[in-house]
Amino acid sequence: MHVLATAGHVDHGKSTLVRALTGMEPDRFAEERRRGMTIDLGYAWTRLPSGEQLAFVDVPGHQRFIANMLAGLGPAPAVLFVVAADEGWSRQSAEHLAAIDALRVQRAVLAVTRSDLADPGPALADARAQLAASSLGVVEAVAVSGATGAGLDVLRAALDRLVASFPAPDDQAPIRLWLDRSFTIRGAGTVITGTLAAGCVAVGDELTVLTADGTRTATVRGLQSTGAGHASLGAVARVAVNLRGVPDADVGRGDLLLTPGAWHLTDTFDADLESRVTAALPGELVLHVGTAAVPVRLRPLGGRAVRLSTSRPLPLRAGDRAVLRDPGRQSVAAGVLVLDPDPPALGRRGAAAARAATLADGRPRLDAAEEVARRGLVRRDHLRRLGLDVDALPGEGEWLVDPPCWAAWAEQARRAAAEHAAIEPLEPGLPLPALRRALGLPDAGQVLGHVVREAGLVMDGGRVTLPSAERSLGRAERAVHELEQRLRADPFAAPEREELSRLGMGPRELAAAARLGRLYRVSPEIVLLPAAIPLAVERLRALPQPFTTSSARQALGSTRRVVVPLLEHLDDLGRTERVGAGSRRVR
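Keep in mind that this is a model prediction, so the values were computed, not measured.

Enquirer: Quick question: what am I supposed to make of the overall build of the protein chain here?
Expert: When helices and strands are counted, the protein chain shows 18 helices and 31 strands. Over its C-alpha atoms, taken along the principal directions, the protein chain stretches across nearly 125 × 55 × 40 Å. Of all 587 residues assigned to the protein chain, the portion counted as buried reaches 52%. Counted over contacts in the protein chain with a minimum sequence separation of 6, partners at least 24 positions apart contribute 66%. With 71 positive and 68 negative side-chain charges, the protein chain shows a separation of 5 Å between the mean positions of the two kinds.

Have a look at this one:
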């Protein structure tokens, strides 16, 4: 199926032409038929001579219903532009063309209606010239009469050629269905309708419903398109979706059905205004995107770059187009091209001007590598929600990191660890949460672990420290140095408790020295050098096996105060084992 919207001045015969092409009544309300004027969006469909199915979204032409017109035009990839031969180019013709141009629609067929009432030549020439100066460019034009049927076959052929130029839709894309209607069917429940521009939806799918009040999950209970039921539907299609899990009163035009977790919801984005917009715009406008009409505040950044803040989050991506409308003047104010749906904060003086310079090329931010470089650190799934392809980018697990950041973070980590060691030399090390805060990193264990390794730090028990060779014990350094010298000369001459107290080596100082590998605590009372353990095993192995505590004391040249706890410690380490009463052997 293909979908296009009608466009043109009120009472120029849009609905009559759609009725003649499809045999269906696009005006849904009795008020519309009574007044002969389309007030809200109408829908009809037909099959073209080629066999292609074409659906029309018939939009109102009256100036008072411009918001409804924009809701119909927003999701449509092409238009059937209608101008009456007997009236020619008119005010709403220009208004509709301004909206089409703002949305940068590039495909259309021009139909000059009422050719039975006036010579269509002048109106056709004028309208073609007007359209040629817009994003539509040169379009095929046909003179028709909805009343007599003249020219309808020629118009159908032109529409066939138009839809043949449409690009193939992406049926693998995530769903973003802008809703244009919602209602209740007895026995079925809530039904919503919209134009499915990309992706595929199926019965049983769980989708996210996004409204002004937030999000909820709904299940697809049934699907219809052009009056027929379907198990699944792919783009492009006019779809009616029967939903379970959301009341009709809670959903309506401008709301969305989304693939869960596939879209970044933003209420602030940077955009480019079209160059033809020269008049100063008010700060408060209405943003028309898809079928939504959302109040928005505009902040000029410089040049054509602006920052827009919406009253509700929207699933926008770089490259999306929208229209700004001035509600006071009821007119299209500007076209909007979304450049960055997740922009950086503007905190410091001069940030707005710097941001404007970055956006001066008017190019949507669509490059994943550039986004990683700008952010330094970002999750893969965040960029995926922005519509960026990140599969080929290297990273640390689910995190993407700009390569220069590693060196900077490593330097900061070493500095933080060194500062902590200088302030708290006897502490086990800097806690990981404190290091993460110091680096300004999110709770990203994989990234933090990589930084610690890059910095050459030691991680143990949820803390990081400098390597032992680079650490000092502060005021205890002199005492430890004295003990090291003494124990190198006499490895098993463990100092007495009184001597440790005299040196200022309490439990905290001894624990710190042990963590650094400077001393080795055999027991709370016995302190040796780390090298004493393998040395003791070597001397004990030289004894006749098994050996007694007395022979061990002689081999080690120490006292029972030291040797007994040392042998028990070697038992615990599995280096020696008891053999009978009072004897041991080296394992």
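After presenting the structure, the write-up continues.
Enquirer: Honestly, the packing of helix α17 (residues 549-556) against helix α18 (residues 560-573) in this entry has me stumped. Any pointers?
Expert: A pair of packed helices can be characterised by two numbers: the angle between their axes and the separation between those axes. α18 packs onto α17 with a crossing angle of 110° between their chain directions and a minimal axis gap of 10 Å. Relative to α18, the element α17 lies roughly perpendicular. The handedness of the crossing between α17 and α18 is right-handed. For the pair α17 and α18, contact is made by T549, A552, R553 and L556 and by R560, V563, V564, L566 and L567, respectively. For the contact of α17 with α18, the per-class residue count stands at six nonpolar, one polar and two charged.

Enquirer: Which parts of the structure should I look at to understand the environment of E398?
Expert: Residue placement: E398 occurs in the loop between α9 (380-385) and β23 (399-401). For E398, a relative accessible area of 31% corresponds to the partly exposed category. Taking C-alpha positions, E398 is 5.6 Å from R380, a pair spaced 18 residues apart along the chain. Those residues in contact with E398 that sit more than four places away from it in its chain are V378, R379, R380, D381, R384 and Q446.

Enquirer: Please explain the confidence of the model for the protein chain as it appears in this structure.
Expert: Low-pLDDT portions of the prediction should not be read for the details of their coordinates. On average, residues of the protein chain carry a pLDDT of 86, and 93% of them reach 70 or more. Throughout residues 27-40 the model reports pLDDT below 50, and contacts reaching past four residues in sequence, or to other chains, amount to 36 contacts. Below pLDDT 50 for its whole length, residues 61-65 participates in 20 contacts with residues either more than four positions away or in separate chains.

Enquirer: Sorry, what's going on with the sheet that holds strand β4 (residues 79-84) here?
Expert: Hydrogen bonds between backbone groups are what pair the strands of a sheet, and the pairing can be parallel or antiparallel. In spatial order, the strands read β2-β3-β1-β4-β5-β6; together these six strands make up an open sheet with mixed pairing. Strands at the two margins of the open sheet, each flanked by one partner only, are β2 (42-47) and β6 (140-143). Averaged over all pairs of adjacent strands, the angle between their axes in this sheet comes to 25°, without regard to strand direction. As defined by bridge partners, strand β1 (residues 2-7) adjoins strand β3 (residues 53-58) across four bridges and the pair is classed as parallel. Bridge pairing in β3 links A5 to V57. Sitting on the sheet, helix α4 (residues 91-102) touches β1 and β4, and the angle it makes with β4 is about 165°.

Enquirer: Teacher, can you tell me more about the sheet that holds strand β25 (residues 458-460) here?
Expert: Taken together, three strands build an open sheet; the order of strands is β24-β26-β25 and the sheet is antiparallel. Two strands close off the open sheet at either side, each with one partner strand: β24 (430-431) and β25. Pairing between β24 and strand β26 (residues 463-465): two bridges, direction antiparallel. Counted as the bridge partner of L430 is V464 from β26.

Enquirer: Any chance you could explain the nonpolar core here in plain terms?
Expert: Nonpolar side chains in soluble globular proteins tend to be buried together. Counting residues in each nonpolar core, the largest one holds 37 residues, and the members touching the most others are L473, M505, L519, L528, L540, L566 and L570. Only α13 (477-489), α15 (507-515), β28 (527-528), α16 (532-541), α17 and α18 provide two or more residues apiece to this core. Residues I175, L177, A237 and V241 belong to the second largest nonpolar core, which totals 28 residues.

The rules behind the values
Residues numbered from 1 in each chain as written. Predicted model: local features only at pLDDT ≥ 70, side-chain atom pairs only at ≥ 80, totals over all residues. Heavy atoms only, no water. Helix = DSSP H or I, 4+ residues; strand = E, 2+ residues; numbered from the N terminus. Buried < 20%, exposed > 50% of the residue type's maximum accessible area, 1.4 Å probe, protein only. Contact = heavy atoms within 4.5 Å. Lys, Arg positive; Asp, Glu negative; His and termini not counted. Charge placed at Lys NZ, Arg CZ, Asp CG, Glu CD. Axes fitted to C-alpha atoms, helices over the stretch in contact; angles between N-to-C directions. Parallel < 35°, antiparallel > 145°, perpendicular 65-115°, else oblique. Left-handed = near helix turned anticlockwise from the far one by under 90°. Nonpolar A, V, L, I, M, F, W, Y, C, P; charged D, E, K, R; others polar. pLDDT = per-residue confidence, 0-100. Pairing = 2+ DSSP bridges. Core = buried A, V, L, I, M, F, W, Y, C linked by side-chain atoms within 4.5 Å.

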